[in-house]
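So the chains spell out like this:
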Amino acid sequence: LEMWEAIKIGSLIIYLALLSLFDIKDKRLPLSISAIAAVIGTLLVVVSHSSWQTVVIALVPGALILLIGKVSNQAIGYGDGLAILVMGLFVPCQSILISLLAATTMSGVVALILLIVFRKGKNTELAFIPFLFVGLIIEKGLI
């Protein structure tokens, strides 16, 4: 069972690292990468005999963020919501929530620095996936 968990986390790290590069460079997240990750995640759920209840619960944060993106006219991008939804195939809800808390905190600190020190405007966009990537690394205790 531990082997499958390591494969899931490793796969998720690769997925978020790839998305981070696109998010920083283009501010766009390719749907194809998320689709491939979703297929891999689904296969890993099956072969690792993960609890379907745990997986469904882990999909809730991503679904809620997609809904918020829809209602807020993409104040939160669909790509971010989709990435968080896909995370639910790899890690439990608690890991996602802790990663999101860390990511939101880090992005808030960076936003404050940009506002105060660099005099950026309040509408300056930040790539969120890199913060989510680091949040997952922190949550998993890999740094």
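The structure reproduced in this document is the subject of the present report. Computed from a predicted model, the values in this text were never measured in an experiment.

1. Examining the overall build of the protein chain
Then comes step 1: Looking only at helices and strands, the protein chain features 6 helices and 0 strands.
Then comes step 2: Taken from N to C terminus, the helices and strands of the protein chain fall in the order α-α-α-α-α-α.
Then comes step 3: Taken against the 2.2 N^0.38 rule, which gives 15 Å for 143 residues, the C-alpha radius of gyration of the protein chain at 15 Å falls within 12% of a compact globule.
Then comes step 4: For the protein chain, the C-alpha atoms occupy an extent of roughly 50 × 35 × 25 Å along the three principal directions.
Then comes step 5: Going through the 143 residues of the protein chain one by one, you find that 36% of them count as buried.
Then comes step 6: By sequence separation, contacts in the protein chain at least 24 residues apart represent 70% of the contacts at least 6 residues apart.
Then comes step 7: Accessible surface computed for the protein chain: about 8,400 Å², of which carbon and sulfur atoms make up 72%.
Then comes step 8: Averaged over its 9 positive side-chain charges, the protein chain has a centre that lies 11 Å from the centre of its 7 negative ones.

2. Quick look at a nonpolar patch on the surface
Then comes step 1: Together, V109, L112, I113, L115, I116, V117 and F118 give the surface a local cluster of nonpolar side chains, amounting to about 670 Å² of exposed area.
Then comes step 2: By the secondary structure assignment, V109 is in helix α5 (residues 93-116).

Rules behind the numbers
- Residues numbered from 1 in each chain as written.
- Predicted model: local features only at pLDDT ≥ 70, side-chain atom pairs only at ≥ 80, totals over all residues.
- Heavy atoms only, no water.
- Helix = DSSP H or I, 4+ residues; strand = E, 2+ residues; numbered from the N terminus.
- Rg over C-alpha atoms; globule rule 2.2 N^0.38 Å.
- Buried < 20%, exposed > 50% of the residue type's maximum accessible area, 1.4 Å probe, protein only.
- Contact = heavy atoms within 4.5 Å.
- Areas by Shrake-Rupley, 256 points an atom, 1.4 Å probe, with all protein chains shown as cover.
- Lys, Arg positive; Asp, Glu negative; His and termini not counted.
- Charge placed at Lys NZ, Arg CZ, Asp CG, Glu CD.
- Patch = residues over 30% accessible without salt bridge, like charges linked within 9 Å, V, L, I, M, F, W, Y side chains within 5 Å.
- Salt bridge = Lys/Arg side-chain N within 4 Å of Asp/Glu carboxyl O.

From the geometry alone we can't say anything about function, so treat these as descriptive.
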